[in-house]
Each structure stands twice: as structure tokens, then as C-alpha cells.
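Residue-level structural notes
Here's the letter readout for the chains.
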Amino acid sequence: MSKNILLANNEWIEVTPRVKVSGPHHEVFLEGVVSTQPENDNEDIRYEEGRIFIKRRNDREDDRHFVMTYRVSVHGQETFTNTRVIVRKS
């Protein structure tokens with residue numbers, strides 16, 4: 001799991017997920033993004049033309065964690081993996 005740490009400042013930032021797989025027949029799909037405050041996901045996570053943006057807020061008491069879930073498919077078998085992005089309280 002990789003961790004990217006950003007300071008909050010109420011701006012939208014683009015998140016560029018990267019997944020490394022080996023083998024010629026692997027396919028990787030982004031399944032979703034959720035935050036530690038899922039009730040705010042509609043306000044804090046935005047998808048535009050295959051791009052992902054998350055809101056950097058400084059009005060929260062705690063650091064915010066966003067979890068990206070990927071599905072990796074190879075020869076009909078699927079595996080899921082997560083990557084976490086941490087937004088630090090400024």
C-alpha cells in the first residue's frame with residue numbers, strides 16, 4: 001500500500017492512481033474511491049472523463065483518508081487491492 005500525504009487547503013486535487021502488474025494478460029480497473037467520512041463522498045470525490053479529483057478540506061478535525069479500490073483480472077480470475085491517500089489537517 002502506498003501513501004501520498006497532502007496538506008488540506010479546500011482545493012480540488014487530481015489523484016493519478018498507478019498500479020503495476022506483471023504479465024501480458026492482466027487488466028486493471030478502478031472500482032471506486034471512498035473516504036473516512038463516507039457521508040461526504042458526493043461532496044469530496046469527483047470523477048471527470050476518467051480522472052479522479054478529491055477535495056482537500058481544512059475544516060475537519062482529523063486527517064482524511066481516501067481508499068482507492070482496484071480490481072485486477074487475469075485469465076478469468078479477479079483480485080482486489082487498495083491504495084490509500086492521506087490528506088493531513090493543515
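Residues numbered from 1 in each chain as written. Predicted model: local features only at pLDDT ≥ 70, side-chain atom pairs only at ≥ 80, totals over all residues. Heavy atoms only, no water.

**Considerations on the sheet that holds strand S2 (residues 12-15)**
What the three strands build is an open sheet, ordered S2-S5-S4; its pairing is antiparallel. In the strand order of this sheet, the two ends are held by S2 and strand S4 (45-48), each with one partner. Direction aside, the axes of adjacent strands within the sheet are offset by 30° on average. Where S2 lies against strand S5 (residues 51-55), four bridges are found, and the strand directions are antiparallel. Looking at S5, one finds that Val-15 is bridged to Ile-52. (Pairing = 2+ DSSP bridges. Helix = DSSP H or I, 4+ residues; strand = E, 2+ residues; numbered from the N terminus. Axes fitted to C-alpha atoms, helices over the stretch in contact; angles between N-to-C directions.)

**Comments concerning the side chain of Arg-71**
Summarising the element assignment, Arg-71 is placed in strand S6 (residues 64-74). Of the residues examined, Arg-71 reaches a relative accessible area of 19% and is grouped as buried. At 2.9 Å, the side chain of Arg-71 forms a polar contact with the side chain of Glu-31. (Buried < 20%, exposed > 50% of the residue type's maximum accessible area, 1.4 Å probe, protein only. Polar contact = N/O pair within 3.5 Å; in protein donor to acceptor, adjacent residues only side chain to side chain.)

**Focus: the confidence of the model for the protein chain**
Chain-level statistics for the protein chain give a pLDDT mean of 75 and a share of 79% at 70 or above. The secondary-structure element of the protein chain with the lowest mean pLDDT is strand S1 (residues 3-7), recorded at 56, while S6 shows the highest, at 84. (pLDDT = per-residue confidence, 0-100.)

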